[in-house]
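# Overview (structure and organization)
What follows is the residue order along each chain.
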Amino acid sequence: MKVLLDTNKIITMVKDQDSYKLGLQEIINSGNHYFTTPLIRHEVLRFYSHNAEDSEKCQRAMQLLSLLEIINIDKNITDIATNIVRYERTVYPERYQKQVDGTEKRIDKYNFDIMFVATAKCFDLNTDSNDGDIPKLIELYDEMKKTRK
């Protein structure tokens with residue numbers, strides 16, 4: 001199976017030595033082929049500050065990331081991401097409006113999530129994420145594909 005690992009999964013895998021060992025075992029022994037992107041790599045590594053505790057976690061993260069195949073984000077991926085956003089803005093414009101409680105869509109987080117899903121769809125990869133928004137975006141992509149046939 002080909003799997004795109006999300007930032008939150010990688011950060012969880014390196015949070016302590018035991019999690020790191022389990023994460024390495026999963027990547028090495030599962031028989032799966034794991035992928036990342038430069039954007040995910042950036043999102044993982046920017047999570048850590050320059051203190052001693054974070055330095056160890058950052059080293060583990062870099063080692064784990066080095067085991068993943070990197071997919072560069074290209075025009076095909078950005079076209080999928082753009083189409084998802086355009087479709088959602090057209091069909092569900094209320095999602096881009098301020099909510100009754102005053103909250104608004106967090107575009108910065110949303111952009112990372114959209115690129116994650118677009119990469120997975122472009123390369124026909126399974127996704128491994130703890131983010132509850134990812135299945136919703138995959139569902140949105142699938143809906144878009146059905147309506148565009």
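Each value, and the rule that gives it
- Residues numbered from 1 in each chain as written.
- Predicted model: local features only at pLDDT ≥ 70, side-chain atom pairs only at ≥ 80, totals over all residues.
- Heavy atoms only, no water.
- Helix = DSSP H or I, 4+ residues; strand = E, 2+ residues; numbered from the N terminus.
- Buried < 20%, exposed > 50% of the residue type's maximum accessible area, 1.4 Å probe, protein only.
- Contact = heavy atoms within 4.5 Å.
- Areas by Shrake-Rupley, 256 points an atom, 1.4 Å probe, with all protein chains shown as cover.
- Lys, Arg positive; Asp, Glu negative; His and termini not counted.
- Charge placed at Lys NZ, Arg CZ, Asp CG, Glu CD.
- Expected span 1.5 Å × (residues − 1).
- Arc of directions from axis to C-beta.

Looking only at helices and strands, the chain has seven helices and four strands in total. Listed N to C, the secondary structure of the chain is β-α-α-β-α-α-β-α-α-β-α in terms of helices and strands. Along the first, second and third principal axes, the C-alpha set of the chain runs to 45 × 35 × 25 Å. Within the chain, the fraction of its 149 residues that count as buried is 39%. A separation threshold of at least 6 residues defines the contact pool for the chain, and within that pool the share at least 24 residues apart is 72%. Taken as a whole, the chain presents about 9000 Å² of accessible surface, with 49% of it coming from carbon and sulfur. With 22 positive and 24 negative side-chain charges, the chain shows a spacing of 4 Å between the two charge centroids.

For Thr 119, the position within the fold is in helix α6 (residues 107-122). Classification of Thr 119 as buried rests on a relative accessible area of 1%. The contact partners of Thr 119, leaving out residues within four places of it in the chain, are Leu 4, Thr 37, Ile 71, Ile 73, Ile 77 and Leu 125.

An α-helix turns once per 3.6 residues; consequently, residues spaced three or four apart project the same way. The first and last C-alpha atoms of helix α7 (residues 133-147) sit 21 Å apart over 15 residues, in line with the 21 Å expected at 1.5 Å per residue. Buried within α7 are the following residues: Ile 134, Leu 137, Leu 140, Tyr 141 and Met 144. Down the axis, α7 shows its buried residues gathered within 120 degrees of arc, on one side only. With respect to the buried face of α7, the exposed residues turned more than 90 degrees away are Pro 135, Lys 136, Glu 139, Lys 146 and Thr 147. The inward-facing, buried residues of α7 contact α5 (75-91), α6 and β4 (126-128).

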